[in-house]
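# Architecture and fold: a report
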Amino acid sequence: MNHQNRPEGVDLAARSRSRRRALQAIYAWQVGGNRMVKVIEQFRHEQDMEIADLEYFEDLLRGVEQHQVELDAGIRQHIDREISEVDPIERAVMRIGAYELRYRPDVPYRVIINEALEVNKRFGADQGHTYVNGVLDKLAAQWRETEFRTKGR
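For clarity, every value in this text was computed on a predicted model and none was experimentally measured.

### With respect to helix α4 (residues 68-76)
Those residues of α4 lying buried are L71, D72, G74 and I75. Buried residues in α4, looked at end-on, bunch into an arc of 160°, giving them a common side. Buried residues in α4 make contact with α3 (54-66), α5 (88-103) and α7 (128-143).

And the structure:
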């Protein structure tokens, strides 16, 4: 994405860091069973959150929690097992990506998918990103139909 397409005032590097931290926080939420407000509070106090986009980080976490049933239903249509059986890293990445596809139309779907793949490559299993890519690509076609058709894949 070049600087001319960037929404005013958006620091893309900070957003990327926010997504990485959101992955870690959602992973902790999934496996730890804590309430999201507690997870957000724990992560808010960590040092490197100062260099991330805290508002975007919190939006991702609250959005995934608030819309979990709908997001999981969308993901479930495109996977070959129960969502609880999906690797927790891949599950967290897909939930974040699904939330952004559904509720953050200000972020182009290609950016969402590319960011999801990068964070999955960094933290997930060796070929997990291909699985995530397939699911998010199908959700983009479904939830961002007009953008998906006009921009193509």
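### Side note on the environment of N34
The residue N34 is located in the loop between α1 (12-32) and α2 (36-44) in this model. Put simply, N34 and G97 are 63 residues apart on the chain and 22 Å apart in space, counted from C-alpha to C-alpha. When residues no more than four places from it in sequence are discounted, the contact partners of N34 are W29, V39 and Q42.

### Quick notes on the side chain of R91
Its place among the elements puts R91 in helix α5. An unpaired buried charge is present at R91: no salt bridge exists, and D72, the closest side chain of opposite charge, is 7.3 Å distant. Looking at R91, its side chain comes within polar contact range of the main-chain oxygen of V86, at 3.1 Å.

Definitions and limits used
- Residues numbered from 1 in each chain as written.
- Predicted model: local features only at pLDDT ≥ 70, side-chain atom pairs only at ≥ 80, totals over all residues.
- Heavy atoms only, no water.
- Buried < 20%, exposed > 50% of the residue type's maximum accessible area, 1.4 Å probe, protein only.
- Helix = DSSP H or I, 4+ residues; strand = E, 2+ residues; numbered from the N terminus.
- Arc of directions from axis to C-beta.
- Contact = heavy atoms within 4.5 Å.
- Lys, Arg positive; Asp, Glu negative; His and termini not counted.
- Salt bridge = Lys/Arg side-chain N within 4 Å of Asp/Glu carboxyl O.
- Polar contact = N/O pair within 3.5 Å; in protein donor to acceptor, adjacent residues only side chain to side chain.

Everything listed is a geometric property; what it means functionally is a separate question.
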